[in-house]
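Notes for the structure review
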Amino acid sequence: MTAPTPPATGREWHLLSRPVGWPKPEDFALVEAEVPAPGEGQVLVRNEYLSVDPYMRGRMSAAKSYVAPYELGKAMQGGAVGEVVASNAEGIAAGDHVLHFLGWREYAVVDAKNAVKVDPEAAPLPAYLGVLGMTGLTAYAGLLRTAAFKEGDCVFVSGAAGAVGSQVGQIAKLRGASRVIGSAGSDEKVKLLVEEYGFDAAFNYRTGPVSEQLRAAAPDGIDVYFDNVGGDHLEAAIGSLNRDGRIAVCGMISVYNNTEPAPGPRNLARLIQTRGRIEGFLVGDHYDLQPQFVQEVGPWVRSGELKYRETVVEGIENNLEAFLGVLRGDNTGKMIVKL
């Protein structure tokens, strides 16, 4: 099979100015850029699916963080999967499909060492950006390693209808959790958590205080909290934490666009009596788990035991709106842009 011939130019999203508070359309531009030939050890990829994720908001700031900020006036980056249209590297041929991190553009020249071959026959291509990709590994590593989940634990997940949260809850159930509770931002998502993903209980955080709803859903307390939200959810989880409870901090989407520092939990002293532990983690520190993750989770995905949703937005011109939708919570499951 011969790969299609690339055009002379392709479109890519640039960051023009660093957003203050909520990102605005004028902070970005979709521009035409030359499509170069791949150099030694490189491949040219026609991106087919792009990932947009909450962490990208942090990269739009100049603040020192765990990953370099996006450069102004240059193409942004993110997870992508696509077809190799030209190769100047051993081991990857035109027509192969690869996963890489030069998204937000139609065509990308990628160092072969930073590209991972994926099999479109084994799973649909978008799955490699979500349930079998970085998203899934984030859920797996955060729950099993950082939060040290063990059979019989009661688990609370915030942002539970999102790509990571929905997998955390299901993996906990498949691994023998005594009870799994999720929070989400709409009654429709709450229904999805219980009826499709098999959570034991779920609540809409917009309809009442999180602490009260969590106590009602977990009257005997929680052993593990997987935090995607921060804010009042973190405070509520500390309030419901059992003896030797563990909190894995994956993200804090509730504070990403704040222009003033968010107040911290007011009940941290409870960690003394519960001997509780809060630990942040980054998926990049846990890539050693990838083979184990695919080996365990792959069969669950294929058998349908682990269910997943994707919200697919079509067209690179809608990439920015898809990203803003993630910050608003518009997505159910992984937000994907199809080119």
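Residues numbered from 1 in each chain as written. Predicted model: local features only at pLDDT ≥ 70, side-chain atom pairs only at ≥ 80, totals over all residues. Heavy atoms only, no water.

Regarding the UniProt feature "domain: Enoyl reductase (ER)" (unreviewed entry) in the protein chain
Basically, it comes down to this: UniProt positions are given in the numbering used here, feature names are shortened, and annotations may be inferred rather than shown by experiment. Secondary structure elements are defined from DSSP: runs of H or I of at least 4 residues count as helices, runs of E of at least 2 residues count as strands, and each element is numbered from the N terminus.
Here the UniProt-annotated "domain: Enoyl reductase (ER)" (unreviewed entry) positions come out as residues 24-337. Split by type, residues 24-337 is 27% helix and 25% strand. Its first and last C-alpha atoms lie 19 Å apart.

Here's the deal with helix α4 (residues 187-195)
Spelled out, the test is: Accessible area is worked out with a 1.4 Å probe on protein chains only. A residue is then buried under 20% of its type maximum, exposed over 50%, and partly exposed in between. By definition, the arc is the one covered by directions from the helix axis to the C-beta atoms.
For α4, the complete set of buried residues consists of Lys189, Val190, Leu192 and Leu193. Each buried residue of α4 lies within a common arc of 160° when the element is viewed along its axis, so the set occupies one face. Structural note: α4 exposes Asp187, Glu188 and Glu195 on the side pointing more than 90 degrees away from its buried face.

A short note on the pairing of strand β3 (residues 42-51)
Operational definition: Pairing between strands is defined by DSSP: at least two bridges between them are needed.
Taken across its ten residues, β3 has nine buried, putting it largely inside the fold. Two elements, β3 and strand β6 (residues 107-111), share five bridges in a ladder whose sense is antiparallel. Directly across from Val45, in β6, lies its bridge partner Ala108. Sheet analysis places β3 next to strand β15 (residues 334-338), joined by three bridges and oriented antiparallel. Of the residues in β15, the one forming a bridge with Tyr49 is Lys338.

Concerning the nonpolar core
Note the threshold: We call a set of buried Ala, Val, Leu, Ile, Met, Phe, Trp, Tyr and Cys residues a nonpolar core when their side-chain atoms join them within 4.5 Å. In what follows, residue pairs with any heavy atoms lying within 4.5 Å of each other are defined as contacts.
Core analysis: the largest hydrophobic core is formed by 46 residues, its most contacted members being Leu143, Val155 and Val297. Those elements that provide at least two residues to this core are α2 (134-146), β8 (154-157), α3 (163-174), β9 (179-184), α4, β11 (222-227) and α8 (290-303). Take this core: its biggest share by element is six residues, from α2. Once you skip the residues sitting within four places of it in the chain, Leu143 turns out to touch Ala148, Phe149, Val155, Val168, Ile171, Ala172, Val224 and Phe226.

A word on unusual backbone geometry
Residues other than glycine seldom take positive phi values, yet Asp244 does so here, at roughly 65°. Along the chain, the position of Asp244 falls in strand β12 (residues 241-249). According to the relative accessible area criterion, Asp244 is partly exposed, its value standing at 39%. A positive phi angle, close to 55°, is found at Arg275, a residue other than glycine. Of note, Arg275 is situated in the loop between α7 (270-274) and β13 (277-280).

Describing the packing of aromatic side chains
Condition: Stacked, tilted and edge-to-face are the three classes applied to pairs of Phe, Tyr and Trp rings, where Trp contributes its six-membered ring and a pair requires centres within 6.5 Å; stacked means planes under 30 degrees apart, edge-to-face means over 60, and tilted covers the rest.
Tallied over the entire structure, the rule returns six aromatic pairs. Both rings, one in Phe156 and one in Tyr225, keep their centres 4.9 Å apart while their planes meet at 20°; by these two values the pair is stacked. Taken together, the residues Phe156 in strand β8 and Tyr225 in strand β11 connect sequence positions 69 residues apart. The exposure classification of Phe156 matches that of Tyr225, with both residues buried. A centroid spacing of 5.9 Å and a plane angle of 70° characterise the contact between Phe226 and Phe281, whose relative ring orientation is edge-to-face. With Phe226 in strand β11 and Phe281 in the loop between β13 and α8, the pair connects residues that are 55 residues apart, well separated along the chain. Using a relative accessible area of 9% as the deciding quantity, one classes Phe281 as buried.

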